[in-house]
Amino acid sequence: RDVVLVSRRTVPCSVRPREIFRREPRTDAGIQEQRLSLRMTNTSHWRASATVDVTPVLSFVDGTSRFQQSFNPAWVAPSASTRWTSGLLVRSQNCSAVAGGRCVACAGSGPRNASALSFSALLSDDNHTSSAPVFAKLSDVVFAPHDAADERGTEDPRLAYDDRTGMYYMFYTAWSVSGDIRLSLATTPDPTSASSWTRHGTVFEGPHKSAALLIRAAPPHYLFYGAGEIRVSRSSDLLRWQPGEPFLRGTAWGNANVEAGPPPLRLADGNYVFFFNSWKAAGSAYQPAWAVLDGDDPTRVLASAASPLWSPASLPWMAGAKPYTCNM
């Protein structure tokens, strides 16, 4: 977790109706990959997978980040306010006493221990199947701890853009000076700038985190949130939310825990694809998953993954091997 990887193919919004993903493992020059393909096997079965490049796109070791840990990114969609720049909003930390050396305590306040959020602009896309996206060096903090409510870190951003108002909504985890975690909300017309954020505080009480916002053309809007189980809440104005009801618990292959990923993406047939994470127990590997949500009622799951999109491999940055010895 000291690097950021980007899949070579993301889910396009222009997918032909009733198409979704089919698993296509492949090997290029000895490098194992899984390519994201969008396909429906028949009228009632959906499958999904994704290609992941094994080389990080943002990493301190590779010189593409000034932060020793760069992870848990959120996609920033382009808009007039960002000067039509897109990119990643990335959780950033410096947890090593020596670059590439052993990890030290990564908790507490201050620029070394606390998480902040930094922006990296997309410089070139990945339209060619043999290329990976290129991002600007991760260097500028745009959102950081500011008081006792988040003194130990601002973490795990999820960002959604409302093109009707030109406003970005960011749900994130605030880690307080007392050690409490709270799901929090901030808004901005330009997430690439540190000067334009409005903090709205805790969304609702309790140790909640990881919230994916689905903005609809008309209310209600939906918030899928939680780690362990995913719950769903509704709002008429995007700012006021109440604790929701259970939505997803576990996976078809036996992972008991799930966690909300990025905002659901609209498919051409009007339904949504929702990506989420999963794991079996504390300390076990994460395995990304997906579900197709009904376009008319997003709380209704039409289909869900029968197997993970991919599973972690024993790569140096995953195993904490040199030069990625500080593996969060």
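Residues numbered from 1 in each chain as written. Predicted model: local features only at pLDDT ≥ 70, side-chain atom pairs only at ≥ 80, totals over all residues. Heavy atoms only, no water.

### Describing the nonpolar core
Then comes step 1: Membership of the largest hydrophobic core comes to 24 residues, with the highest contact counts inside it found for Phe224, Ile230, Phe247, Phe274, Phe276 and Trp290.
Then comes step 2: Elements represented by at least two residues in this core include exactly strand E14 (211-214), strand E15 (221-225), strand E17 (230-235), strand E18 (245-248), strand E19 (257-260), strand E21 (272-279) and strand E22 (289-293).
Then comes step 3: Among the nonpolar cores identified, the runner-up in size contains 15 residues, and Phe119, Val142, Tyr172 and Ala186 belong to it. (Core = buried A, V, L, I, M, F, W, Y, C linked by side-chain atoms within 4.5 Å. Buried < 20%, exposed > 50% of the residue type's maximum accessible area, 1.4 Å probe, protein only. Helix = DSSP H or I, 4+ residues; strand = E, 2+ residues; numbered from the N terminus.)

### Some details on unusual backbone geometry
Then comes step 1: Omega for the peptide link from Pro219 to Pro220 comes to 5°, which places this bond in the cis form.
Then comes step 2: Residue placement: Pro220 occurs in the loop between E14 and E15.
Then comes step 3: For Asp156, which is not glycine, the phi dihedral falls at a positive 50°.
Then comes step 4: Tracing the backbone through its elements, the reader meets Asp156 in strand E10 (residues 153-162).

### Section: the packing of aromatic side chains
Then comes step 1: In total, this model carries 10 aromatic pairs according to the counting rule given.
Then comes step 2: Centroid distance Phe143 to Tyr172: 5.0 Å. Interplanar angle 70°. Geometry classified as edge-to-face. In this pair, Phe143 sits in strand E9 (residues 140-143) while Tyr172 sits in strand E11 (residues 167-175), placing the two residues 29 residues apart along the sequence.
Then comes step 3: A centroid spacing of 5.3 Å and a plane angle of 35° characterise the contact between Phe224 and Phe274, whose relative ring orientation is tilted. Linking Phe224 in strand E15 with Phe274 in strand E21, this pair joins segments that are 50 residues apart in sequence. (Phe/Tyr/Trp six-rings, centres within 6.5 Å; stacked < 30°, edge-to-face > 60°.)

### Section: the pairing of strand E12 (residues 181-188)
Side-chain direction in a regular strand flips from residue to residue, so the side chains alternate between the two faces of the sheet.
Then comes step 1: Counting buried positions along E12 yields 6 of 8 residues, so the element is predominantly enclosed.
Then comes step 2: Summarising the sheet, E11 and E12 pair through 8 bridges and their orientation is antiparallel. Counted as the bridge partner of Thr173 is Leu183 from E12. (Pairing = 2+ DSSP bridges.)

### A short note on the environment of Thr198
Then comes step 1: Here Thr198 is to be found in strand E13 (residues 198-202).
Then comes step 2: Judged by relative accessible area, Thr198 falls into the partly exposed class, the value being 39%.
Then comes step 3: For the pair formed by Thr198 and Thr188, sequence separation is 10 residues and the distance between their alpha carbons is 6.2 Å.
Then comes step 4: Discounting residues that sit within four places of it in the chain, Thr198 has contacts with Leu185, Ala186 and Thr187. (Contact = heavy atoms within 4.5 Å.)

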